[in-house]
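Fold and geometry: a report
Okay, here's what each chain looks like letter by letter:
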Amino acid sequence: MVQNKSMPPGSVIPEVPYPDVTQGVHWLSQAFGFKERLRIGGHRVQLTFGDGSIVATSHEGEIRPRYTLMARVQDVDAHFERAKAHGARVLSPPADYPYGERQYTVEDLAGHMWTFSQSTRDVDPAEWGGELIL
């Protein structure tokens, strides 16, 4: 694949709309730890998070549908406290799940749902009813 400095890293790059993209980018950086990568006028901003990326876009009017996104973190409890301190609306606090993840879910300032997940152990999907297909 050709490397292109104009594109953010990652194979899948969600575009997530915000009524005020500047405010959205600031909030995502403060609350979740996203890093601004590239600003395109006042309507698009590329952000990185670990080895993934999103593009925050400007969107006037009501945002429908709301997006649901998941990101992996190393310390879900510390990340949760940071998000909560910056006003993320808690939908479910950190909890352990039988599939080897500790997760929490919050809503951001535009109503998008974010689940942050920390792997706590390596679990065979058959143990909790999943089916690994390779």
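Now for a description of the structure that goes with this document. (Residues numbered from 1 in each chain as written. Predicted model: local features only at pLDDT ≥ 70, side-chain atom pairs only at ≥ 80, totals over all residues. Heavy atoms only, no water.)

Here we come to the sheet that holds strand β3 (residues 44–49). Within the open sheet, the four strands sit side by side as β1-β4-β3-β2. Their pairing is mixed. With partners counted over all chains shown, the strands left at the sheet margins are β1 (15–18) and β2 (35–40), one partner each. Taking the axes of each pair of neighbouring strands and ignoring which way they run, one obtains an average angle of 25° across the sheet. Inspection of the sheet shows β1 paired to strand β4 (residues 52–58) by four bridges, in the parallel sense. Residue E15 lies in a different strand from β4, and its bridge partner there is V55. Together, β1, β2, β3 and β4 form the strand contacts of helix α1 (residues 21–32), whose direction differs from that of β3 by roughly 10°. (Pairing = 2+ DSSP bridges. Helix = DSSP H or I, 4+ residues; strand = E, 2+ residues; numbered from the N terminus. Axes fitted to C-alpha atoms, helices over the stretch in contact; angles between N-to-C directions. Contact = heavy atoms within 4.5 Å.)

Moving on, we come to the sheet that holds strand β8 (residues 113–119). A sheet is described by the order of its strands in space; here four strands give the open sequence β5-β8-β7-β6, paired in mixed fashion. The sheet is open, and its two borders are formed by β5 (68–72) and β6 (89–97), each paired with just one other strand. Here the strands of the sheet are splayed against their neighbours by 15° on average, with no regard to which way each runs. Contacting β6, β7 (101–107) and β8, helix α2 (residues 76–85) crosses the sheet at an angle of about 10° to β7.

Attention now moves to α1. The end-to-end C-alpha distance of α1, which contains 12 residues, comes to 16 Å, matching closely the 16 Å that a straight helix rising 1.5 Å per residue would cover. Just downstream of α1 lies G33, where phi reads positive at about 90°. (Expected span 1.5 Å × (residues − 1).)

If you walk through the whole model with that rule in mind, you get 11 aromatic pairs. Among the aromatic residues, those joined into a ring-pair cluster are W27, F32, F34, F49, F80, Y104, W114 and F116. (Phe/Tyr/Trp six-rings, centres within 6.5 Å; stacked < 30°, edge-to-face > 60°.)

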